[in-house]
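Observations on chain architecture
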Amino acid sequence: MITGSNSGIGKEAAVALAGMGASIFMVCRDPAKGEAARKEVVTRSGVSDDRATLMIADLASLDSVRQLARDFLSKNQKLHVLINNAGLILGDRVLTKDGLETTFEVNYLSHFLLTNLLLGAIKAAAPSRIINVSSEANSRGHIDFEDLQEEKNFGATRSYSQSKLAQVLFTRELAKRLEGTGVTVNSLHPGVVATNWGRHSVGAMSAGIRLASPFMASAKKGAETTVYLASSSDVERVTGQYFAKKREEKSAKESYDEAVALKLWNVSLVLAGLSDEQRTAG
Ligand SMILES: NC(=O)c1ccc[n+]([C@@H]2O[C@H](COP(=O)([O-])OP(=O)(O)OC[C@H]3O[C@@H](n4cnc5c(N)ncnc54)[C@H](OP(=O)(O)O)[C@@H]3O)[C@@H](O)[C@H]2O)c1
């Protein structure tokens, strides 16, 4: 399953993994864009039509994520690889209908919820893998527990970096909890990649992205580390790590702070509305 697979890195990862023989569940928010991408994945990877399934979900809605998990679990399907890829950066502070800052919810919290809700299916498929598409921006991030939703102090890169650091902390905490289950979880930076990323940002950042895009890596190249973590036997037993260019790298100093990781986990359980029963079902 790949979130945000109608575009950019997620779509290229879908093409590559379908070509290796995987059945792909493409999670997209827009049915028309999602179906066009699904058809493209089938055509480009040369697989039969039933190997790519479209699933509609808006990661800016926790209810939509819960429905996605229910839809998937109703198929009684094992899940060998979950790729938490969807992401965005916003120029303004916009609240979701859950009352949370959108970047935080889409990039991090919805993936935290989805992963927890699907853990039973992922464990049943072990050996299996979870991959969190973070960013080098994690190194500029800080988890501000006093202002997690950036009410007092919003900035596009501040919010984006916090969400990407949260993904790395989530990766480390989950890896500890999954010890001995045969499920690995790793995070990654895909490189600086020419995709639709940044189109919701404004001003100097938006102009900078447009100017720099001819010099950025292709989406196919940007998907390489994701595909590597999803499929290579080199990383069969590697867990809790952060990768770039298919190699283990250091992430932000704060991402190694176990107390921060545990606190973020507990705050996230409450924000995502996960019950005791749902947690232990994982
Ligand atoms: N490009 C880079 O240089 C770069 C660098 C570091 C990290 N990353 C990370 O790589 C990941 C993939 O980004 P990309 O570069 O491939 O950008 P992209 O082409 O914009 O793809 C992002 C995907 O996320 C989806 N998405 C956004 N908001 C969503 C929502 N509310 N619900 C469901 N899906 C949603 C988008 O769907 P729509 O098309 O419907 O908006 C799209 O499919 C992101 O997590 C990004 O932060 C990218």
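Right, let's walk through the structure included here. (Residues numbered from 1 in each chain as written. Predicted model: local features only at pLDDT ≥ 70, side-chain atom pairs only at ≥ 80, totals over all residues. Heavy atoms only, no water.)

1. Comments concerning the overall build of the protein chain
Scanning the protein chain for helices and strands turns up 10 helices and eight strands. The C-alpha atoms of the protein chain give a radius of gyration of 17 Å, which matches the 19 Å a tight globule of 282 residues would have. Overall, the C-alpha framework of the protein chain stretches about 50 × 45 × 35 Å when taken along its three principal axes. Taking all 282 residues of the protein chain together, the buried fraction comes to 54%. Treating the 34 positive side-chain charges of the protein chain as one cloud and the 31 negative ones as another, the clouds have centres 4 Å apart. (Helix = DSSP H or I, 4+ residues; strand = E, 2+ residues; numbered from the N terminus. Rg over C-alpha atoms; globule rule 2.2 N^0.38 Å. Buried < 20%, exposed > 50% of the residue type's maximum accessible area, 1.4 Å probe, protein only. Lys, Arg positive; Asp, Glu negative; His and termini not counted. Charge placed at Lys NZ, Arg CZ, Asp CG, Glu CD.)

2. Here we look at the pairing of strand β5 (residues 128–133)
Judged by how many residues are buried, β5 sits mostly within the fold: six of six residues are covered. Burial along β5 is two-sided: the residues Ser128, Ile130 and Asn132 and Arg129, Ile131 and Val133 are all buried. Between the parallel elements strand β4 (residues 81–84) and β5, the chain passes through helix α4 (residues 102–124) in a crossover that is right-handed. Direction of pairing for β5 relative to strand β6 (residues 183–189): parallel, over a ladder of six bridges. When the sheet's bridge partners are listed, Val133 is paired in β6 with Leu188. The parallel pair β5 and β6, bridged by helix α5 (residues 156–177), forms a crossover whose chirality is right-handed. (Right-handed = clockwise from strand over helix to strand, strands pointing away. Pairing = 2+ DSSP bridges.)

3. What to know about the packing of α4 against α5
Contact pair α4 / α5: the axes reach a minimum separation of 7 Å and the direction vectors enclose 20°. With respect to each other, α4 and α5 are oriented roughly parallel. As α4 runs across α5, the sense of the crossing is right-handed. Together, Thr103, Phe104, Asn107, Tyr108, His111, Phe112, Thr115 and Leu119 of α4 and Ser159, Tyr160, Gln162, Ser163, Lys164, Ala166, Gln167, Phe170 and Leu174 of α5 make up the contact between the two elements. (Axes fitted to C-alpha atoms, helices over the stretch in contact; angles between N-to-C directions. Parallel < 35°, antiparallel > 145°, perpendicular 65-115°, else oblique. Left-handed = near helix turned anticlockwise from the far one by under 90°. Contact = heavy atoms within 4.5 Å.)

4. Things to note about unusual backbone geometry
Residues Ala126 and Pro127 are joined by a peptide bond in cis, for which omega reads 5°. Considering the arrangement of structural elements, one finds Pro127 in the loop between α4 and β5. If you check the backbone angles, Lys245 has positive phi at about 50° while not being a glycine. Looking at the element boundaries, Lys245 is found in the loop between β7 (242–244) and β8 (247–249). For Lys245, a relative accessible area of 67% gives the class exposed. The backbone of Lys246 sits at a positive phi, close to 60°, despite the residue not being glycine. Here Lys246 is to be found in the loop between β7 and β8.

5. Considerations on the site of the ligand
Around the ligand, a shell composed of 29 residues is seen, among which Ser7, Arg29, Tyr160, Thr195 and Arg199 lie nearest. A distance of 3.5 Å separates an oxygen atom of the ligand from a polar backbone atom of Gly191. Val193 is positioned such that a nitrogen or oxygen atom in its backbone is 2.8 Å from an oxygen atom of the ligand. Taking 890 Å² as the accessible area of the ligand by itself, protein coverage stands at 97%. (Near = heavy atom within 4 Å. Polar contact = N/O pair within 3.5 Å; in protein donor to acceptor, adjacent residues only side chain to side chain. Areas by Shrake-Rupley, 256 points an atom, 1.4 Å probe, with all protein chains shown as cover.)

6. Here we look at the pattern of salt bridges
Counting across every chain of the model gives 15 salt bridges. Arg158 serves as the salt-bridge partner of Glu150, at 3.7 Å between the closest nitrogen and oxygen. Salt bridges here are not isolated pairs; linked through shared partners, they connect Lys11, Glu12, Glu40 and Arg44. (Salt bridge = Lys/Arg side-chain N within 4 Å of Asp/Glu carboxyl O.)

7. Topic: the packing of aromatic side chains
On inspection of all chains with the given rule, the structure shows nine aromatic pairs. Geometrically, the ring pair formed by Phe25 and Phe72 is edge-to-face, given 5.1 Å between the ring centres and 85° between the ring planes. Taken as a pair, Phe25 in strand β2 (residues 24–28) and Phe72 in helix α3 (residues 62–73) lie far apart in primary sequence, 47 residues in all. An identical accessibility class is assigned to Phe25 and Phe72; each is buried. What links up through ring pairs into an aromatic cluster is the set Phe104, Tyr108, Phe112, Phe170 and Trp265. (Phe/Tyr/Trp six-rings, centres within 6.5 Å; stacked < 30°, edge-to-face > 60°.)

8. Looking at the pairing of β4
Judged by which residues are buried, β4 turns out to be covered on both faces: Val81 and Ile83 on one side and Leu82 and Asn84 on the other are all buried. Bridging between β4 and β5 involves four bridges; their strand directions are parallel. Opposite Leu82, over in β5, you have Ile130 as the bridge partner.

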